[in-house]
Each structure stands twice: as C-alpha cells, then as structure tokens.
Amino acid sequence: MTGGRVFKDRRKAAYLNPEGADRPLKSPVSREVLDRARSHRLRRLRERCADADCAALLLYDPGNIRYAFDCSNMQVWCMHNPWRYALVFADGPAIMFEFKGGLKQSEGLPGIDELRTARTWTFMAAGDKADAAMAGWADEIADLVRIHGGGNRRIACDRLDGAGAHALEARGLTYVEGGRLAEIARSIKSGDEIALMRWTMRVCEAAMARVYEHSVPGATERELWAHLHFENARSGGDWLETKLLTSGPRTNPWYQEYSDKVCEAGEMIALDTDMVGPYGYCADVSRSWICGYAPMSDRQRRIYETALDQLRHNLDLVRPGVDFAEFNEKSWRIPEPHIPYRYTLAVHGVGMADEWPVVPLHVDWSDLATSGAFEPGMVVSVESLVAELGSESVKLETQMLVTETGHQRLDSFPFETG
C-alpha cells in the first residue's frame, strides 16, 4: 500500500488503485459516452429555454457553461471574474465567448457552433471605461438576438449584474431570470451522465481511502485534506468546493474548516468531500472514522449509530413521485439533545456541483421550502450529522440516483459498522 502502512479495514484498501499501485486512475469511459452526455445537456438547456418562451439563454456561471459545452477554462477564476460567457439559442446557434487568448481551450467541442472573443466590462478589466465596454457587449448580444431569435426578444440570463441587465433592456430585450431554467435542466441526468458521475465517485472513493490510510496520530487535518486534493487532481479532477475535514473537538460544531491541528489517537475524524472531479461532476459524500483505527468509545459508537439511523431512514424515502413535503413529513425525527448541533439539510441535488433541489431538515422546514418531487434521473445526496453537548460530530452522507422504481446508491465506501 501507499506509504507502506497496513490497513485496519481491508474493505477501504480496495478503493485504492489496483493492487495498491500509487498511480493515477484512468477513466474507462469512451468518447462516445462523453459526446452523448454533452448532446443531452445542451438539448436540455434548449428545451427549458423554449419552454420559457425565450429566444436564448445567456450563461455566465462557469458550472452552467461547463454543462452546456464541456469547456472548463479557468472555472474557479471565472467564478469571481465574469470574463467568459455563452449564448445558447433555443432554435439557433450555440456561441462561446472566450476571453482573448483563451479560444484554444474551447476549439473542437461538438456543441459549440461559433467561437468569439468575449467583451469584458467589469471594473477590474475596464476601469473608468467600463460603461463603454458594456455598450459594445450589449450591442453584440442584442444584434445576435435580432439575427437568430426569430423575432423573440426574451433572453434568459443565469448571472448578470444589474447594469448589464439594464443595458440589454435598453436595447429592446426582455430580461428573464435564467438560473431556474439551468437548475431544472441540470436536475435530470441521462444514463451517460450517470456513467461519468460513477467515474468521479470512483476517484473520490480512492481519495477517501488515501485519507483513511494516512489517518494516524500526528497527521494534521490540513495534511489529510491534501490527500483528497492529490488523488483528485492526478486522476483528472477539478477542485474541492470546501475544506471540511476536522478531528476531535473541532468536529463540533460542524462547518469548521481544516486547520493545522494534530489528529490524536482515538479521536473522530469527519470529512465532507464536496469534490468536483473528472468530467466536472461532483462527488459529495461524507464519512467519519477513528484516528489510528482504534475502536470507538461507547459514546462515539452511540452517536455514530444514531447518524446511520437518520441516513438509512431518509434514504429509503427517496423514490420517484415522492413530494418534498411528503418526504419532510415522513423523515427521521432528530432527538432533542441533537437538535442544536444538527445539519439543516436533509437532501440536496448533485450534478456538476450541489444543485436544486434543496430539502431542509424537518426542524428547518418552512413555507419557503422548495416545491417539487423526486423524479427518475435526479441525483441527490442524503445528509446526516449527529452530535450532542460536549461530544464529537459524526458526519455521514451518501449520493444516490433516483430510478424509475426506487433509488440506487452511487457510492459504496464502507461505514464503520464492523
């Protein structure tokens, strides 16, 4: 095994690379599967655009651009620097606007009909000339809608500063909120998308096995988290959305990020992967285990088994046709001592990131909770977090596909049940 250590749990060792070889994992997914997934995603966006009676969908969110075209140019940077965008017509071309010098990254992708240089009008890029830069951008978008929109002047936009929306409206376009369209499109996965997600999960579970292998006294939380990054990056993944790995007393309250704290024998180690892996898909699963592979104390075991009860009960409720309100009514009721330390979500969607729907825990349910029902093709993560006053937290989470007849788990990394 990597590093020469001997696993205390051979089930977890099996998730490393074949025969324990310290090499990147290589995807077996064919180009045909990838291209069919790409085609499905672009078609889903166009269908939602047409359903909303919009001529086109203007995308700035890097996740939505990746979903539409599978181009992944500097995604994290572009989350806070909107320098690239896409324009997808319901019945017309799909155009990718890359920042100057970045067009090469999107060449040859099958869904892109035209590549153009993006017009950037943020203050960072244009300073006191931002208004003039915005005018050129808005003129180009309005002209394209006039040419390809078939007389329809409605344009859906996923993320657009108010000044940009006003500039489009000043040119006769009607702004439509496009985030909802994109989220609903992304919520139903094709079989080919599931094949891509299964591979991301394979890489994620190899990364978790690597973290488990190094979960020995003396390792810091930061060091353990780095193993997750390492396995993901070398096997073709993208990034980690959070830094949720803590040990011992730092597990409670949850949502503390990793630190340079040294993990000690017998402490609980808890992590939430939030891993955007190969093909841009997210593997969002959580596990907790003991540093140094020691047996759990009676209190740790009791809290762990309570977390498993929550997970298993709620997992069984996720079936096609079950309304989110019905799920809430039947969901596991967290005992009073654990309520102050709870996780506020029961279920959330997963695709190229955490996605719609988000179903709150019963304690946090309100009239503002989303409407809807579980549908075949949705992928969701079912959450569990249990702690009490003065205890460590146990964080568990599993990712699953809603099928025509029920559900199917996409992760299989062992729980601490043996």
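Up top is the structure.
Note that this is a predicted model, so its numbers are computed, not measured.

Colleague: When you look at the sheet that holds strand S10 (residues 275-276) in this model, what are you seeing that I'm missing?
Modeller: Paired through their backbone hydrogen bonds, the strands of a sheet run either parallel or antiparallel. Here three strands make up an open sheet; going across it, the order is S7-S10-S11 and the pairing antiparallel. Each edge of the sheet is formed by a strand with only one pairing partner; in this case those strands are strand S7 (239-240) and strand S11 (282-283). Sheet analysis places S7 next to S10, joined by two bridges and oriented antiparallel. Within the sheet, the bridge partner assigned to Trp239 lies in S10 and is Val276.

Colleague: What is the right way to look at helix H7 (residues 162-170) in this model?
Modeller: Since there are 3.6 residues in each turn of an α-helix, residues three or four apart along the chain are aligned in direction. Burial in H7 covers these residues: Gly164, Ala165, Ala167 and Leu168. Each buried residue of H7 lies within a common arc of 160 degrees when the element is viewed along its axis, so the set occupies one face. Away from the buried face of H7 by more than 90 degrees, exposed residues His166 and Ala170 are located. The elements touched by buried residues of H7 are strand S1 (56-59), helix H6 (130-148), strand S5 (154-157) and strand S6 (174-177). Directly beyond the C-terminal end of H7, a positive phi value near 90 degrees is found at Gly172.

Colleague: What am I meant to see in the environment of Glu231 here?
Modeller: On the secondary structure map, Glu231 appears in helix H10 (residues 221-234). Measuring from C-alpha to C-alpha, the distance between Glu231 and Met208 comes to 8.8 Å, with 23 residues separating the pair along the chain. Residues within four places of Glu231 in sequence aside, it is in contact with Asn17, Arg23, Val203, Ala206, Ala207 and Arg210. Reaching out from Glu231, the side chain makes a polar contact with the side chain of Arg234 at a distance of 3.1 Å.

Colleague: Looking at this structure, I do not really get the packing of aromatic side chains. What am I missing?
Modeller: To describe a pair of aromatic rings, you give the distance between the ring centres and the angle between the ring planes. For the coordinates displayed, the defined rule picks out 14 aromatic pairs. Here Tyr212 and Trp289 contribute two aromatic rings whose centre-to-centre distance is 5.3 Å and whose plane-to-plane angle is 85 degrees, an arrangement assigned as edge-to-face. You can see Tyr212 sitting in helix H9 (residues 191-213) and its partner Trp289 sitting in strand S12 (residues 286-290), a full 77 residues away along the chain. Side by side, Tyr212 and Trp289 carry an identical accessibility label, which is buried. Residues Phe327 and Phe374 carry aromatic rings whose centres are separated by 5.9 Å and whose planes lie at 75 degrees to one another, so their mutual orientation is edge-to-face. Here Phe327, found in helix H12 (residues 324-330), pairs with Phe374, found in the loop between strand S14 (354-360) and strand S15 (379-386); they are 47 residues apart in sequence, far enough to count as distant. The pair Phe327 / Phe374 is uniform in exposure class, with both members buried. Clustering of aromatic rings is evident, with ring pairs tying together Tyr15, Tyr212, Trp289, Tyr293 and Phe413. Directly above the aromatic system of Tyr212 lies the positively charged group of Lys12, at a separation of 4.7 Å from the ring centroid.

Colleague: I tried to follow the sheet that holds strand S4 (residues 114-117) on my own but got confused; where do I start?
Modeller: Across the sheet, six strands lie side by side as S4-S3-S2-S1-S5-S6; this open sheet has mixed pairing. Looking at the sheet topology across the chains shown, the edges are occupied by S4 and S6. Adjacent strand axes in the sheet meet at a mean angle of 25 degrees, parallel and antiparallel pairs treated alike. Note that S1 and S5 share three bridges and pair parallel.

Colleague: Can you help me understand the environment of Trp83 in this one?
Modeller: Mapping Trp83 onto the fold places it in the loop between helix H4 (75-80) and strand S2 (85-89). Separated by 250 residues in sequence, Trp83 and Arg333 place their C-alpha atoms 46 Å apart. The contact partners of Trp83, leaving out residues within four places of it in the chain, are Trp77, Phe99, Ala118, Thr120, Thr122, Met124 and Ala125. Of note is the side chain of Trp83, whose polar atom sits 3.3 Å from the side chain of Thr122.

Analysis parameters
- Residues numbered from 1 in each chain as written.
- Predicted model: local features only at pLDDT ≥ 70, side-chain atom pairs only at ≥ 80, totals over all residues.
- Heavy atoms only, no water.
- Pairing = 2+ DSSP bridges.
- Helix = DSSP H or I, 4+ residues; strand = E, 2+ residues; numbered from the N terminus.
- Buried < 20%, exposed > 50% of the residue type's maximum accessible area, 1.4 Å probe, protein only.
- Arc of directions from axis to C-beta.
- Contact = heavy atoms within 4.5 Å.
- Polar contact = N/O pair within 3.5 Å; in protein donor to acceptor, adjacent residues only side chain to side chain.
- Phe/Tyr/Trp six-rings, centres within 6.5 Å; stacked < 30°, edge-to-face > 60°.
- Lys NZ or Arg CZ within 6 Å of the ring centre and 35° of its normal.
- Axes fitted to C-alpha atoms, helices over the stretch in contact; angles between N-to-C directions.

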